[in-house]
There are 2 protein chains.
Amino acid sequence: MAEKFKAMDEDQLSLDLIEAQFALRQSRDQKNAKSLLILVNGIDLAGKGEAVKQLREWVDPRYLKVKADKALVLEREQPYWLPYVPFMPKEGQITILFGNWYTDLLSTAMHVSNPIDDSLYDDYIAKMAQYEQDLRNNNVDVIKVWFDLSWETLQQRIDEMEPSEARWHKLQSSDWRNQNKYKTLQRLRSRFTQDWLVIDGADKNRDQIFAQHILSALKDCPEHIKTSAKKWKNNPIPQALCAPEKSVLDKAEYKDKLKTLTREVADALRFDPRDVIVCFEGMDAAGKGGAIKRIVQKLDPREYQIHSIAAPEPYELRRPYLWRFWRRLQTEGDISIFDRSWYGRVLVERIEGFAHPAEWQRAYAEINRFEQDLIENNSVIVKIWLAISKDEQEARFKAREETPHKRFKITEEDWRNRERWDDYLQAAADMFAHTSTQPAPWHIIATDDKNTARIEVLETILKQLKAT
Amino acid sequence: MAEKFKAMDEDQLSLDLIEAQFALRQSRDQKNAKSLLILVNGIDLAGKGEAVKQLREWVDPRYLKVKADKALVLEREQPYWLPYVPFMPKEGQITILFGNWYTDLLSTAMHVSNPIDDSLYDDYIAKMAQYEQDLRNNNVDVIKVWFDLSWETLQQRIDEMEPSEARWHKLQSSDWRNQNKYKTLQRLRSRFTQDWLVIDGADKNRDQIFAQHILSALKDCPEHIKTSAKKWKNNPIPQALCAPEKSVLDKAEYKDKLKTLTREVADALRFDPRDVIVCFEGMDAAGKGGAIKRIVQKLDPREYQIHSIAAPEPYELRRPYLWRFWRRLQTEGDISIFDRSWYGRVLVERIEGFAHPAEWQRAYAEINRFEQDLIENNSVIVKIWLAISKDEQEARFKAREETPHKRFKITEEDWRNRERWDDYLQAAADMFAHTSTQPAPWHIIATDDKNTARIEVLETILKQLKAT
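Computed from a prediction, not measured in an experiment: that's the story for all the values here.

Draft legend 1. Just empty space enclosed by the protein, in detail. Residues and elements named next belong to chain B. All chains considered together, the criterion is met by 5 cavities of 30 Å³ or more. In this structure, the largest cavity spans a volume of roughly 90 Å³. Lining the largest cavity are 13 residues, and of these Arg76, Tyr80, Tyr124, Lys127 and Asn377 lie nearest its centre. Mapped onto the lining of the largest cavity, the elements with two or more residues apiece are helix H4 (118–137) and helix H15 (357–376). By residue number, the principal contributor to the lining of the largest cavity is H4, which donates 4 residues. Split into classes, the residues belonging to the lining of the largest cavity amount to 5 nonpolar, 2 polar and 6 charged.

Quick look at the structure:
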């Protein structure tokens, strides 16, 4: 980079940046829409702050957000990316994160009394790279810049610092006189900065190198890939989906079982030390609402949260499709029940063409990683597909239309979806094939008898909580 | 209430609730749109949870959110309403808050080692009532329900509690065997529950009383008032706005002053123990951007946040107009600079007719209360109006159009706004008259010389930080 670098005329650079920003904003909702997430890390006093300040003077500052926070310690209570979810830029925006997952990783590796070991450290690095790739695939361009500084220059800069600045910096860190720490930091960061832009903080072109890098990232706005590289292969549809059970549970037996199971499920959910996520998908009128009602029957409404997932809002559509679920997991409590979920990406969005083939085909792996992150960070996920026969659906639709307080549960859209019955079966089959993982398998409950379905849902939850 | 109460047929009640919910949702963006915020408080074991659970079974649970959190201690670091901002329902939605500002007030009054005194307690109650009135005026209907229970019944219920439930409840509170605490709680809550629905937790109709109350609140959807009760009187336009200073600051003097002042402002902002909010309004091209650049010149980008306020998004329009500013204050740091602000309500929204007369005329007092809350909770607010002459604006617009990297700063809209010049002067005059408060006065900086304006902005900030 350094040998090829040519400083630009400052006015020209500023103009180019502003024009590129404008083009980025104009791209919103277009085929080449994207956002820019800039991760800025480095040695203290290498000039991160100055470079960003200079950038801010060259660009239109209204469309450049800067976020900085104290470093967090990585812990097993939440995925490392969760604290940064609110700052994810939407299409057309640029966000600079000073405090980011690499800050947290370094701080965790260096400062806690019980630092993480090398293999866990490398594990985090691999995960972060993958997470960033997922962001890029979802139109968040991730730019990583490390501002470096030699030990000698660092010492010299500390000596020369202005008192007021020194006071502010002191709040941030205090180990710059310790050469061992400096060396450890350099050793640790070198394990992830291979694909970063590394800028020497003593380089007189520092701010221009940084700004030109951002400029070229801004200019690079290719159209989103809509077709998938590999030929798609449909998976066989599980027999259960085509022919749900017909047998009807005896009413007295149902009541008995229900009484015991609702109590057992309430206790299991309540006292599970993990965050429990129960996730329902299935055909319309398959009984998701009724099943959820039984799950929470013996719980207090303060103990759980039901997330009814409808179509995304415009501001959600301008971010990665998983973002709105990240948001929900961030603020909510211990028991989260999803009435439809992130699997919408590979179901309705696939079938209705809201997601391109490349997008929904990529989503399986993205979802698996998302769930894996949750599971590794103290969550358990129970995934249930409720299946009924096509005839049973019709009967339930009609009953809904005739029952006053159920009339609102049936719309034109339900009848339209019904016309895509076979497409939904195929999408479900592919979803099972690609996202039934060992720690979070799909449970198919296929019966035309509501009561049987409810009992099986409760049993499934108990089983899954014990299994993992 | 109790003597008049008649239990309804459950199916009918459920149907009515579902229909009213549906109507509420359909009202979105209409003349009678509103949301429902239900504050649920009371004695433990009085059946709050059961009543909400029953309500959830009667209504369409997808459109009823329930939020519960541990009680917070009220402190001088943030306004009591700030933690609840994320849970403010949008038009068409119903949210039940178990944990809310009254929970926090009671818990603060009862539990901390240094409880707040009676006068502060009453002060909080008055503020809360006013805040709720502001919410109602902004189409968030606030319903308050207290679930009560006699001492004897409470003791009896503790004796009879199921073990699993007992374990869960234990996490929440532990003082139910202490009659003194019970009496204190009753004494304290009686000071704010006069206008609440108080339901006896031992009443067999408990859940119906609660649900019917919600039903009648849902049905009560009058059209928003668009005209104001009082005749509006324009305020005289300050002379400075009509004739900004023309004299030009000597360049060398400017540079000298700038150097000293940027350093002084950086220090003053950096080391002020309060959260500093600087808020810019003024005519287009009056130099807000340039002034902001000088404020932050000697600061690190990690030390401040610039909020550029544009038109609200659809999801923001469905909430009280101050909501999007509450949100911004919630997550950001110590130094917040607003390039346009909540005063848009009484400026552009008034002039363009986005807010009805009743709305913008009410907004002055709402804004004053909002700022007062911030100031009482460790913030200082510096409000600056930048004025230029109409000729100067034209010159700057044209210069922008001719300067490549400023071309994006000028749009058709700017020229359109210019046609409303006099309306903006009038709106500004009224804003000064109604919102220049002692702790947060407006500072008018009226000059056609950019450099003079910048110096005066810096001096104003220093002065205001010292004054309060």
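What follows continues from the structure just given.
Draft legend 2. Broad picture of the pattern of salt bridges. Residues and elements named next belong to chain A. Going through the model one piece at a time under the given rule, you end up with 60 salt bridges over all chains. Linking Asp430 and Arg350 is a salt bridge whose minimum nitrogen-to-oxygen distance equals 2.8 Å. In this pair, Asp430 sits in helix H18 (residues 421–435) while Arg350 sits in helix H14 (residues 348–351), placing the two residues 80 residues apart along the sequence. Since its relative accessible area comes to 0%, Asp430 is described here as buried. The buried category is assigned to Arg350, whose relative accessible area is 15%.

Draft legend 3. Spatial organisation of the relation of the copies chain A and chain B. In the superposition of chain A on chain B (RMSD 0.0 Å, axial shift 0.0 Å), the rotation amounts to 180°. Within this description, the copies of the chain are treated as partners about a two-fold rotation axis. A shared interface surface links the copies, since 100% of the contact residues of chain A are contact residues in chain B too.

Draft legend 4. The side chain of A:Glu359, seen in detail. Note that A:Glu359 resides in helix H15 (residues 357–376). Look past the residues within four positions of A:Glu359 in its chain and what remains in contact with it is A:Arg345 and A:Phe354.

Draft legend 5. Examining the packing of helix H2 (residues 48–58) of chain A against helix H8 (residues 206–219) of chain A more closely. All names here are of chain A. For the pair H2 and H8, interaxial distance at closest approach is 9 Å and the crossing angle is 55°. Here H8 runs oblique to H2, going by the angle between their axes. In the crossing of H2 with H8, the sense of the turn from one axis to the other is right-handed. Within the contact between the two elements, H2 uses Glu50, Ala51, Val52, Gln54, Leu55 and Trp58 and H8 uses Arg206, Asp207, Gln208, Phe210, Ala211 and Ile214.

Conventions we followed
Once a new chain begins, its residue numbering starts again from 1 and follows that chain's sequence as written. For naming, the first written chain is A and the first written ligand is 1, with later ones following in the order written. Reporting in this predicted model follows two pLDDT cut-offs: at least 70 for local features of residues, and 80 or more for side-chain atom pairs to be given and counted; totals over whole chains, interfaces and linings ignore these cut-offs and use all residues. Calculated side-chain values reflect all of the structure's heavy atoms, with hydrogen atoms and water omitted. Put simply, the grid is 1 Å and covers the protein atoms alone, a cavity is a trapped set of points that fit a 1.4 Å probe, a pocket is an open set with protein on both sides within 12 Å along at least five of seven lines, and lining residues have an atom within 4 Å of a point. Grid points are joined across faces, edges and corners, and a volume is the space filled by probe spheres set on the points. Think of it this way: any DSSP run of H or I at least four residues long counts as a helix, any run of E at least two long counts as a strand, and we number them from the N terminus. Think of it as three bins: nonpolar holds Ala, Val, Leu, Ile, Met, Phe, Trp, Tyr, Cys and Pro, charged holds Asp, Glu, Lys and Arg, and polar takes everything else, Gly as well. Criterion for a salt bridge: a side-chain nitrogen of Lys or Arg within 4 Å of a carboxyl oxygen of Asp or Glu. Note on exposure labels: buried denotes an accessible area under 20% of the residue type's maximum, exposed denotes more than 50%, and partly exposed covers the range between, all computed with a 1.4 Å probe on protein chains only. Here the copies are superposed with least squares, the fitted atoms being C-alpha atoms of residues at a pLDDT of at least 70 in both. We call two residues in contact whenever any of their non-hydrogen atoms come within 4.5 Å of each other. Lines fitted to C-alpha atoms define the axes, with helix axes restricted to the stretch in contact, and inter-axis angles between N-to-C directions lie between 0 and 180 degrees. For classification purposes, angles smaller than 35 degrees are called roughly parallel, those larger than 145 roughly antiparallel, those between 65 and 115 roughly perpendicular, and all remaining angles oblique. Crossings are assigned a handedness: left-handed for a near helix turned anticlockwise from the far helix by less than a right angle, right-handed for a clockwise turn.

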